[in-house]
Amino acid sequence: KQWYQRRVRGFDSFFGYLNGAIDYYNKTIPANYAPQEVGLDGEPIGDLIQGYDFRFEIADGKGGVEETVLHTEEYSMDLYKEQLQHIVEDHDEEKGPLFLYFPVQTPHFPIEVPKRYYDIYEGIVENEARRTVMAMISAMDEAVFTLVNGLEQRGMWDNTVFIFLSDNGGELGCGQYNYPLRGGKASLWEGGIRTTAFLHSPLLPQATGVVNHEMIHVTDWLPTITRIATCGLEDPHKACSLDLGNINGVDQLATITLPGTLSNRTEILVNIDPLWHNKAIISGRWKLIVGPNGHDGWLPPPELTSNEVEEWVEIDDGARWRLFDIQSDPYEKEDVSLKRLDIAMELFNRLNEYEVVMVEPGNKPYDPDSNPKYFNGTWTPWLETC
């Protein structure tokens, strides 16, 4: 539906793709992401459904949207870099501040990169997948440099708040590693959900280089950014009225910018997935995982020597749940659910409380009417009603 597109959600322009992943060159969906038509018996039939997915949308000044499908095989990170330059150069400060959201495609699957970045790591990294991923991150670095440099050239950097974060841990088997954390993307292990982030701004009053280990959840960025935009950075403890309704996120500005300030949360609902039949919650130092979990193990990157790697063996005892003290055991080596059954039961009951009020997943089966063949070979919203 059009209602789900970025332009309708408040952005002045959108540049990118609609699906979960695209090829960096031909802009179609990778084979393992592409849907397939099914017969009356529910079994897949025919070839994988492919279509082009790269576009630019901008407000037309009349309440509508001008959309251009961009047919190009240029490496997508180069295209994003050019678009970042245009956005900064064209921004009219007299009309208001700039909010720029850049969900970087790299180093997401498929792992592809131009030779000029790949060659940087010649003789440094032998593993091909690892080398390609590191080269993709160099491409990302260059795009971020272009953005920061553009803001500096416009004289906008001194009034900028720059936030860099990740949505999940690395995907194991694609040249990405989370060691010594356990597991990876698409799992509830720390390697799948615990990520680093940083906030930088010339407006910050204290010195740079402050490291924060407080509990912060991705939903906290909405109220935190809203607070910055509304009341500034100067006094994080100052009362600031934010009318955001009943949301899960909490304002974490003081926690992030004032060393020693405790987090405004003590609990994170990691996930409740009725389709995969697993769920997890973190409360203080304790983390409970219920049900099956994927992408397990401690996979060290190939550049580490055997002397630098600790070998831990996972014992799959078919446990219904697992409890970890992630403060003393951040690598989730020891399940202490039998020793602390009281904590396990408390967190299990808390998960049940969340599950009672949760919104059911909105997963929908493949709709044949969405086939790109009906839209000039392009993926696009196909439902008219909202």
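Heads up: these notes are all about the structure in this document. Everything quoted here is computed from the prediction, not taken from an experiment. (Residues numbered from 1 in each chain as written. Predicted model: local features only at pLDDT ≥ 70, side-chain atom pairs only at ≥ 80, totals over all residues. Heavy atoms only, no water.)

Right, let's talk about the packing of aromatic side chains for a bit. Counting across every chain of the model gives 14 aromatic pairs. The interplanar angle of 20° and the centroid separation of 5.4 Å between the aromatic rings of Tyr24 and Tyr75 together place this pair among those described as stacked. Of this pair, Tyr24 sits in the loop between β1 (13-16) and β2 (36-38) while Tyr75 sits in the loop between β5 (65-69) and α1 (76-90); the two residues are 51 residues apart in sequence, bridging distant segments of the chain. Tyr24 sits in the buried class, given a relative accessible area of 0%. Three or more aromatic residues joined by ring pairs make a cluster, and in this case those are Phe15, Phe54, Phe56, Tyr80 and Phe102. Residue placement shows Lys27 over the ring face of Phe54; its charged tip is 5.6 Å from the ring centre. Between Arg131 and the ring centre of Tyr118, over which it is positioned, the NZ or CZ distance is 3.8 Å. (Phe/Tyr/Trp six-rings, centres within 6.5 Å; stacked < 30°, edge-to-face > 60°. Helix = DSSP H or I, 4+ residues; strand = E, 2+ residues; numbered from the N terminus. Buried < 20%, exposed > 50% of the residue type's maximum accessible area, 1.4 Å probe, protein only. Lys NZ or Arg CZ within 6 Å of the ring centre and 35° of its normal.)

Glancing now at unusual backbone geometry. Omega for the peptide link from Phe109 to Pro110 comes to 0°, which places this bond in the cis form. Among the secondary structure elements, Pro110 is positioned in the loop between α1 and α2 (115-118). Tyr179 connects to Pro180 through a cis peptide bond whose omega is 10°. As for its placement among the helices and strands, Pro180 is situated in the loop between β6 (162-165) and α4 (190-193). Positive phi is not limited to glycine here, since Glu332 has a value of about 55°. Within the secondary structure layout, Glu332 lies in the loop between β11 (321-325) and α7 (341-357).

All we've got here are geometric facts, nothing functional implied.
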